[in-house]
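Spelled out, the chains give:
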Amino acid sequence: QVQVVESGGGVVQAGDSLRLSCAASGSDINVGIMGWYRQPPGKPRELVATINDDGYTVYASSVKGRFTISRDNAKMTMYLQMNSLKPEDTSVYYCNVELTFQGSSLQYSYWGQGTQVTVSS
């Protein structure tokens, strides 16, 4: 059974920092691309950043230079360091993990339950 669990959300003021974590767990899994997405109130879910198992990263233009995505492959854990937070960063942040099971090439996508980030002005 695969589990994806986020943590680290909260309420902060503009200019503050937060660090989100996402841990994947399960037996005989190979984790590929991991990513953070967010869904502001009344808007569709959008990409924040992704990282593959070689450390190659992609960022949304709105967060580039302020957010840093990283991962620990041995722990199957991903992080999002968010600096210089703005009120428009307020959203539910979701972790996405793409993985395969050992012995199979079929790729699966799992989502975490989401963690709320609220930035007040």
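Refer to the structure printed above.
The following refers to the structure shown. (Residues numbered from 1 in each chain as written. Predicted model: local features only at pLDDT ≥ 70, side-chain atom pairs only at ≥ 80, totals over all residues. Heavy atoms only, no water.)

When its secondary structure is counted, the chain shows zero helices and eleven strands. Starting at the N terminus and ending at the C terminus, the chain contains elements arranged as β-β-β-β-β-β-β-β-β-β-β. Projecting the C-alpha coordinates of the chain onto the three principal axes gives extents of approximately 50 × 25 × 25 Å. Taking the contacts inside the chain whose residues are at least 6 apart along the sequence as the reference set, 55% of them involve residues at least 24 apart. Roughly 6,400 Å² of accessible area belongs to the chain as shown, and the carbon and sulfur atoms make up 47% of that amount. In the chain, the 9 positive side-chain charges and the 10 negative ones have mean positions that sit 6 Å from each other. (Helix = DSSP H or I, 4+ residues; strand = E, 2+ residues; numbered from the N terminus. Contact = heavy atoms within 4.5 Å. Areas by Shrake-Rupley, 256 points an atom, 1.4 Å probe, with all protein chains shown as cover. Lys, Arg positive; Asp, Glu negative; His and termini not counted. Charge placed at Lys NZ, Arg CZ, Asp CG, Glu CD.)

Strand direction decides the pairing type here: strand β9 (residues 91-101) and strand β10 (residues 107-111), joined by five bridges, are antiparallel. Within the sheet, the bridge partner assigned to L99 lies in β10 and is Y108. The antiparallel pairing of β9 with β10 creates a hairpin that spans five residues between the two strands, and G103 there sits at a positive phi of about 90°. (Pairing = 2+ DSSP bridges.)

If you walk through the whole model with that rule in mind, you get three salt bridges. Here E46 ties to R38 by a salt bridge, and the two come within 2.7 Å at their closest N and O atoms. Its salt-bridge partner being R66, residue D89 comes within 2.8 Å of it at the nearest N-O pair. Of the two residues, D89 is situated in the loop between β8 (77-82) and β9 and R66 in the loop between β6 (57-59) and β7 (67-72); the sequence distance between them amounts to 23 residues. (Salt bridge = Lys/Arg side-chain N within 4 Å of Asp/Glu carboxyl O.)

On to the nonpolar core, then. Grouped together as the largest cluster of nonpolar side chains are 29 residues, with contacts concentrated most on W36, L80, M82, Y93 and V97. Secondary structure elements with two or more residues in this core: β3 (18-25), β4 (29-39), β5 (46-51), β7, β8, β9 and β11 (115-120). (Core = buried A, V, L, I, M, F, W, Y, C linked by side-chain atoms within 4.5 Å. Buried < 20%, exposed > 50% of the residue type's maximum accessible area, 1.4 Å probe, protein only.)

To continue, consider the packing of aromatic side chains. Within the structure shown, the criterion is met by two aromatic pairs. Relative to W111, the ring of Y37 has its centre 5.1 Å away and its plane inclined at 65°; by these criteria the two rings are edge-to-face. In this pair, Y37 is assigned in strand β4 and W111 in strand β10, connecting sequence segments 74 residues apart. Its relative accessible area of 22% is what places Y37 among the partly exposed residues. Of the residues examined, W111 reaches a relative accessible area of 39% and is grouped as partly exposed. (Phe/Tyr/Trp six-rings, centres within 6.5 Å; stacked < 30°, edge-to-face > 60°.)

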